[in-house]
Amino acid sequence: MIGATNGCVWLLVLLGSLTLWEPLASAQKTAWEKYQRAGVHAYKQGLYAEAEQQLTAALEEAERLGLPDQHLTVPLTTLALVYSAQNQPEKAEPLYQRLLILRETALGPDHLEVAACLDNLAEVYEAQGQYPRAEPFYQRALSIREKGLKPTHPGIASSLDNLAGLYEAQGQYSQAEPLYQRALMLREQGLKPDHPSIATSLHNLAELYRAQSRYTDAEALHQRALSIRAQAFGPQHLHVATSLNNLALVYADQGQYAQAEPLYQRAIAVAEEVLGPDHPEVATMLNNLAEAYRSQGQYGTAEPLHQRALSIRERVLGPDHPDVAASRHNLAGLYEAQGQYGKVEPLYLRALAVREKTLGPDHADIAAGLNSLADLYRLQSRYDKAEPLYLRAVATWQKAPGPHHVDLAMCLNDLAEIYRAQGHYTKAEPLALQALAIRERLFGPDHADVAASLSTLALLYVAQAQYGKAEPLYIRAVATSEQTLGPDHAGMAVLLENYAALLRHMQRDTRAFTIQARAKAIRARYAQQSSP
């Protein structure tokens, strides 16, 4: 998306043209300009509360004096950007709507500044998940630029990126890909081969491929983007840090943590140098590295990173920001993985409360919070509390805009688990089979999530003494998990223990003893790593 960027560029243009506006009486001009300039300065410094106060005063003063509409443009634009920066799209929306009317009236419906207004308004709707409302604004902005600019102008590529990003957010990958590809083609035609804007297109297309689990394609594009950015900006630049972080995500998504970890660490070091140690972007990268350690069972290494990320976000964004809720959610997940349930529930509940307050009832992050809280209750055998949360999570994901097939499969699998634990086998089996089918369709046969579904289904058959149906599922789950997670991953211990229990049921005690011993060795290794 480029909405905020367009707004910033437009803002600078407007500030530069202030001296060209019709002169005001000095006494009138002084207070209005004072508020406006103070508000713009505060916005640029990230002092959003101060910016809001000053810009609101500037608008009130301009309207009290009856100043021409052109004098409202800068404070309206900047105030809308302030609200967008604070994740308050509902406050930004009426300002952008008013700006659109002002610019259309003053400049005509096909002016390039009108296209910038359309982008910003579309971005507000996109941030609220109102994708059908955003689409015609992005399309109209693209049409204006195609009519008013040369065919290879970067502004057309940016509009294509915006529209493609909207389709990507809805999981409409087949519609997004040709737009991203066209944007890349335009930039390659109009710019030098190593221009940074080409890296932007490569990055966008790579992230689309990562969302589709097309990791080979994503890796190649991210590596090329990284090379261009490092050459253009030098190694210590924020764009380089972003490429390092996203390339690391490609590896982490495949369980290739040894390749991901040094990239995350480099990205964090660059971001800290460029932005300072307490910037939200640094917190995001810390969170990603912490999640990589958690996935490997390195809980002691992950915890201080999650805590630092949470501290940064609380201090900079305030306690009720969705990113703060995400940090609490992830820290809770880390404690849950260690069985520290007393620390988990209050973090999940607080994160869920913030998300419900700021995101609305049908947001995908609400479903994620419900699912995680239900998981906690499931692990504590509090099934009466877990079941309604799982059911609500399933319903929310089915209503939420965008693709949530991965999350839905996870929730269906977990719901099957609680029905199995309660002996409701006829309820559990179709849910487990549905989750397995979704995961195999999304990931293919050799993925860690597929192994988890195989394990759930095997446990269900063991509970019904259908050992012949369970064993091939365990064999396949173990082989897949070894391939995707590694033979000594912490998650292997539970799977091996369950497989050993099946072998004992089948009176194959020697084989069961070997499998159990391997699980015990894995647990001992991670217990030693996690101890102070």
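Nothing here was measured: the structure is a model prediction, and the numbers come from that model.

Undergrad: When you look at helix 4 (residues 73-85) in this model, what are you seeing that I'm missing?
TA: Structural remark: α-helix, 3.6 residues per turn; residues separated by three or four positions point the same way. The end-to-end C-alpha distance of helix 4 is 18 Å, a good match for the 18 Å that 13 residues give at a rise of 1.5 Å each. The element helix 4 is extensively covered by neighbouring structure, given that 11 of its 13 residues are classed as buried. Among the residues of helix 4, T73, V74, P75, L76, T77, T78, L79, A80, L81, V82 and Y83 are the ones counted as buried.

Undergrad: Mind showing me how you'd approach helix 23 (residues 467-485) here?
TA: Across its 19 residues, helix 23 extends 26 Å between first and last C-alpha, which sits within 8% of the 27 Å expected from 1.5 Å per residue. Those residues of helix 23 that sit buried are A470, E471, L473, Y474, A477, V478, T480, S481 and T484. Count one or two residues on from helix 23 and you reach G486, which has phi positive near 105°.

Undergrad: Please clarify how the environment of L67 should be interpreted in this entry.
TA: Relative to the helices and strands, L67 resides in the loop between helix 3 (48-65) and helix 4. Each C-alpha atom, one on L67 and one on W32, is 9.8 Å from the other, the two residues being 35 residues apart in sequence.

Undergrad: Would you mind showing me how to read the packing of helix 14 (residues 280-295) against helix 15 (residues 299-317) here?
TA: For any two helices packed against each other, one specifies the crossing angle of their axes together with the interaxial distance. One way to put it is that helix 14 packs onto helix 15 with a least axis distance of 8 Å and a crossing angle of 155°. It follows from the interaxial angle that helix 14 and helix 15 lie roughly antiparallel. Crossing handedness for the pair helix 14 and helix 15: left-handed. On helix 15, the residues that touch P280, V282, A283, T284, L286, N287, L289, A290, E291, Y293 and R294 of helix 14 are Y299, T301, A302, L305, H306, R308, A309, I312, R313, V316 and L317. In the contact of helix 14 with helix 15, the residues fall into 14 nonpolar, 4 polar and 4 charged.

Undergrad: How do you make sense of the pattern of salt bridges when you look at a structure like this?
TA: Opposite charge on two side chains lets them pair, provided their charged atoms get close. For the coordinates displayed, the defined rule picks out 30 salt bridges. One salt bridge connects K147 with D110, and the closest N-O pair in it is separated by 3.7 Å. Here the residue K147 occupies a position in helix 7 (residues 131-148), and D110 occupies one in the loop between helix 5 (89-107) and helix 6 (112-127), the gap between them amounting to 37 residues. By relative accessible area, K147 is classed as exposed at 59%.

Undergrad: Explain the nonpolar core here, please?
TA: Looking at soluble globular proteins, one finds that nonpolar side chains tend to be buried together. One finds Y264 and Y474 to be the most contacted residues of the largest nonpolar core, which totals 98 residues. Element by element, the count of residues in this core is highest for helix 22 (residues 448-463), at 9 residues. If near-sequence neighbours (up to four positions away) are discounted, Y264 is found in contact with N245, A248, L249, A252, N288, L289 and A292. L67, L95, L163 and L205 belong to the second-largest nonpolar core, a separate cluster that totals 64 residues.

Undergrad: Help me understand the environment of N371 in this model?
TA: For N371, the position within the fold is in helix 18 (residues 364-379). As for N371 and A386, which are separated by 15 residues in sequence, their C-alpha atoms are 8.5 Å apart. What N371 contacts, discounting residues up to four positions off in sequence, is Y390, A393, W397, M410, C411 and D414.

Undergrad: Sorry if this is basic, but what is going on with the packing of aromatic side chains here?
TA: Where two aromatic rings form a pair, the distance of their centres and the angle of their planes describe that pair. Applying the stated rule across the entire model yields 3 aromatic pairs. An angle of 45° between the planes, with centres 6.3 Å apart, marks the rings of Y43 and Y48 as tilted. On the accessibility criterion, Y43 (13% relative accessible area) is buried. Classification of Y48 by relative accessible area gives partly exposed; the value is 26%. Judged by centre distance (5.7 Å) and plane angle (40°), the ring pair of Y125 and F137 falls under tilted. Taken as a pair, Y125 in helix 6 and F137 in helix 7 lie far apart in primary sequence, 12 residues in all. Overall, Y125 belongs to the buried group, its relative accessible area being 1%. One residue, K343, lies across the ring of Y335, its end atom 4.7 Å from the ring centre.

Undergrad: Can you help me understand unusual backbone geometry in this one?
TA: Leave glycine aside and you will find that most residues have negative phi; peptide bonds, for their part, are mostly trans. The backbone of S213 shows a phi angle near 65°, a positive value even though the residue is not glycine. Secondary-structure assignment places S213 in the loop between helix 10 (196-211) and helix 11 (215-233). Given the relative accessible area of 24%, S213 is considered partly exposed. For A465, which is not glycine, the phi torsion reads 60° and is therefore positive.

About the thresholds
- Residues numbered from 1 in each chain as written.
- Predicted model: local features only at pLDDT ≥ 70, side-chain atom pairs only at ≥ 80, totals over all residues.
- Heavy atoms only, no water.
- Helix = DSSP H or I, 4+ residues; strand = E, 2+ residues; numbered from the N terminus.
- Expected span 1.5 Å × (residues − 1).
- Buried < 20%, exposed > 50% of the residue type's maximum accessible area, 1.4 Å probe, protein only.
- Axes fitted to C-alpha atoms, helices over the stretch in contact; angles between N-to-C directions.
- Parallel < 35°, antiparallel > 145°, perpendicular 65-115°, else oblique.
- Left-handed = near helix turned anticlockwise from the far one by under 90°.
- Contact = heavy atoms within 4.5 Å.
- Nonpolar A, V, L, I, M, F, W, Y, C, P; charged D, E, K, R; others polar.
- Salt bridge = Lys/Arg side-chain N within 4 Å of Asp/Glu carboxyl O.
- Core = buried A, V, L, I, M, F, W, Y, C linked by side-chain atoms within 4.5 Å.
- Phe/Tyr/Trp six-rings, centres within 6.5 Å; stacked < 30°, edge-to-face > 60°.
- Lys NZ or Arg CZ within 6 Å of the ring centre and 35° of its normal.

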